[in-house]
Amino acid sequence: MNTAVARRLALGDRVVWIGSDGYQPAGPGTITRISVHEVDVRWDGGTLKRYRRVHLHNFRHVQLISDAVEDRREAA
């Protein structure tokens, strides 16, 4: 796993899951705990889920996704 991904995540960050497997929660979530090997995310539906470091590449910051959508709207 690329440790740069783990360094970009911080406690309280809003994230979305972009993985293509059937593991996708609905909506954004908030990082509630970060340890050496795991990250806990509380999804907006109220579910608390623990992810291992190998899953971190499937997270994207909510703000980054929103900015990309706005850039496309302005370009059109």
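Residues numbered from 1 in each chain as written. Predicted model: local features only at pLDDT ≥ 70, side-chain atom pairs only at ≥ 80, totals over all residues. Heavy atoms only, no water.

Caption draft 1: Structural context of the overall build of the protein chain. Along the protein chain, the regular secondary structure elements total two helices and five strands. Tracing the protein chain from N to C terminus, the helices and strands come up as α-β-β-β-β-β-α. Residues classed as buried in the protein chain amount to 26% of the 76 residues present. Nonlocal contacts in the protein chain, meaning residues at least 24 apart in sequence, comprise 39% of its contacts between residues at least 6 apart. (Helix = DSSP H or I, 4+ residues; strand = E, 2+ residues; numbered from the N terminus. Buried < 20%, exposed > 50% of the residue type's maximum accessible area, 1.4 Å probe, protein only. Contact = heavy atoms within 4.5 Å.)

Caption draft 2: Here's a closer look at the packing of aromatic side chains. For the structure shown, the criterion picks out five aromatic pairs. Their ring planes at 90 degrees and their centres at 6.3 Å tell us that Trp43 and Tyr51 sit as a pair that is edge-to-face. Here Trp43 and Tyr51 have matching classes, each one buried. Following the ring pairs from residue to residue traces out a cluster consisting of Trp17, Trp43, Tyr51 and Phe59. (Phe/Tyr/Trp six-rings, centres within 6.5 Å; stacked < 30°, edge-to-face > 60°.)

Caption draft 3: Spatial organisation of the pattern of salt bridges. The tally for this structure, following the rule as stated, stands at six salt bridges. Between Asp44 and Arg14 there is a salt bridge, with the nearest N and O atoms lying 3.0 Å from each other. On the criterion of sequence distance, the pair formed by Asp44 in the loop between β3 (38-43) and β4 (48-52) and Arg14 in strand β1 (residues 14-17) is long-range, its members being 30 residues apart. Among the residues examined, Asp44 registers a relative accessible area of 47% and is labelled partly exposed. Of the residues examined, Arg14 reaches a relative accessible area of 34% and is grouped as partly exposed. Residues participating in the shared-partner salt-bridge network are Arg33, Glu38, Asp40, Arg50 and Arg52. (Salt bridge = Lys/Arg side-chain N within 4 Å of Asp/Glu carboxyl O.)

Caption draft 4: Summary view of the pairing of β4. Pairing of β3 with β4 involves five bridges; the strand directions are antiparallel. Within the sheet, the bridge partner assigned to Asp40 lies in β4 and is Arg50. Linking β3 to β4, which pair antiparallel, is a turn of four residues; within it Gly46 sits at a positive phi near 100 degrees. (Pairing = 2+ DSSP bridges.)

Caption draft 5: Just the sheet that holds strand β2 (residues 29-34), in detail. Spatial ordering of the open sheet is given by β4-β3-β2-β1-β5, a layout of five strands whose pairing is antiparallel. Each edge of the open sheet carries a strand with a single partner, namely β4 and β5 (59-61). Ignoring strand direction, the axes of neighbouring strands in this sheet form an average angle of 45 degrees. (Axes fitted to C-alpha atoms, helices over the stretch in contact; angles between N-to-C directions.)

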